[in-house]
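If you want the building blocks of each chain, they are given just below.
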Amino acid sequence: QVQLVESGGGLVQAGGSLRLSCAASGRTSRSYALGWFRQAPGKEREFVAAISWSGGSTSYADSVKGRFTISRDNAKNTVYLQMNTLKPEDTAVYYCAAEESSVGKLVLGVDLSSWGQGTQVTVSS
């Protein structure tokens, strides 16, 4: 398994931008799909974005398409989430996830290989 540590969260005004990072350590020699989920207070955790090992395949939730961009740097074992035009409804704890099998399984968010501890993103109106 890999260990995941998120960073980059914080407080931002609506319309602003943040970039989240997630650094992987441990068994990084394996090919993992990486992605982001979020959980707002009182709500279930939801899928945000995912990227394949090669970076050639990405997937986004409809709510973030056109505003968020996921990318990865395998040399640094890091995945990024660039978040632009943030809205108050983007406020949540953002979690990084890794899945060895496929992007498709990662999108489902069930029985994934690894999860990070989360980073808080707060968007003020």
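One can find the structure itself at the top, above this paragraph.
Residues numbered from 1 in each chain as written. Predicted model: local features only at pLDDT ≥ 70, side-chain atom pairs only at ≥ 80, totals over all residues. Heavy atoms only, no water.

### Considerations on the environment of G8
Here is step 1: In this structure, G8 sits in the loop between β1 (2-7) and β2 (10-13).
Here is step 2: Here the alpha-carbon distance between G8 and V121, two residues 113 residues apart in the chain, equals 8.5 Å.
Here is step 3: If sequence neighbours within four positions are ignored, G8 has contacts with L18, R19, L20 and T119. (Helix = DSSP H or I, 4+ residues; strand = E, 2+ residues; numbered from the N terminus. Contact = heavy atoms within 4.5 Å.)

### Quick notes on the pairing of strand β3 (residues 18-26)
Here is step 1: Where β1 and β3 come together, six bridges link them in antiparallel fashion. Looking across to β3, one finds that V2 is bridged to G26.
Here is step 2: Bridge count for β3 against strand β8 (residues 78-83) is six bridges, and the pairing is antiparallel. Residue pairing across strands places S21 opposite Y80, the latter belonging to β8. (Pairing = 2+ DSSP bridges.)

### Things to note about the side chain of S114
Here is step 1: As for its position among the elements, S114 is in strand β10 (residues 114-115).
Here is step 2: Leaving out residues up to four positions away in the same chain, S114 has contacts with Q1, V2, L4, C96, A97 and A98.

### A short note on the packing of aromatic side chains
Here is step 1: Overall, the coordinates contain two aromatic pairs when judged by the stated rule.
Here is step 2: A network of ring pairs unites the aromatic residues F37, F47 and W115 as a single cluster.
Here is step 3: Its guanidinium or amino end placed over the ring of Y95, R45 lies 5.9 Å from that ring's centre, counting from NZ or CZ.
Here is step 4: Positioned above the aromatic ring of W115, the side-chain terminus of R45 is 3.7 Å from the ring centre. (Phe/Tyr/Trp six-rings, centres within 6.5 Å; stacked < 30°, edge-to-face > 60°. Lys NZ or Arg CZ within 6 Å of the ring centre and 35° of its normal.)

### Considering unusual backbone geometry
Here is step 1: Positioned with a positive phi, N77 is a non-glycine residue whose angle comes to about 50°.
Here is step 2: In the Ramachandran plot, D111 falls in the positive-phi region, its phi being about 55° despite a non-glycine side chain.
Here is step 3: Locating D111 in the fold gives a position in the loop between α1 (103-108) and β10.

### Quick look at the pattern of salt bridges
Here is step 1: In the structure shown here, the tally under the stated rule is five salt bridges.
Here is step 2: Between R38 and D90 there is a salt bridge whose closest N-O contact spans 2.9 Å. Taken together, the residues span a long stretch of sequence, with R38 in strand β4 (residues 33-39) and D90 in the loop between β8 and β9 (92-99) at a distance of 52 residues. Neither R38 nor D90 differs from the other in exposure class; each is buried.
Here is step 3: Note that K65 is salt-bridged to D62, the shortest N-O span being 3.2 Å.
Here is step 4: What emerges from the salt-bridge pattern is a single network uniting R38, E46, R67 and D90. (Salt bridge = Lys/Arg side-chain N within 4 Å of Asp/Glu carboxyl O. Buried < 20%, exposed > 50% of the residue type's maximum accessible area, 1.4 Å probe, protein only.)

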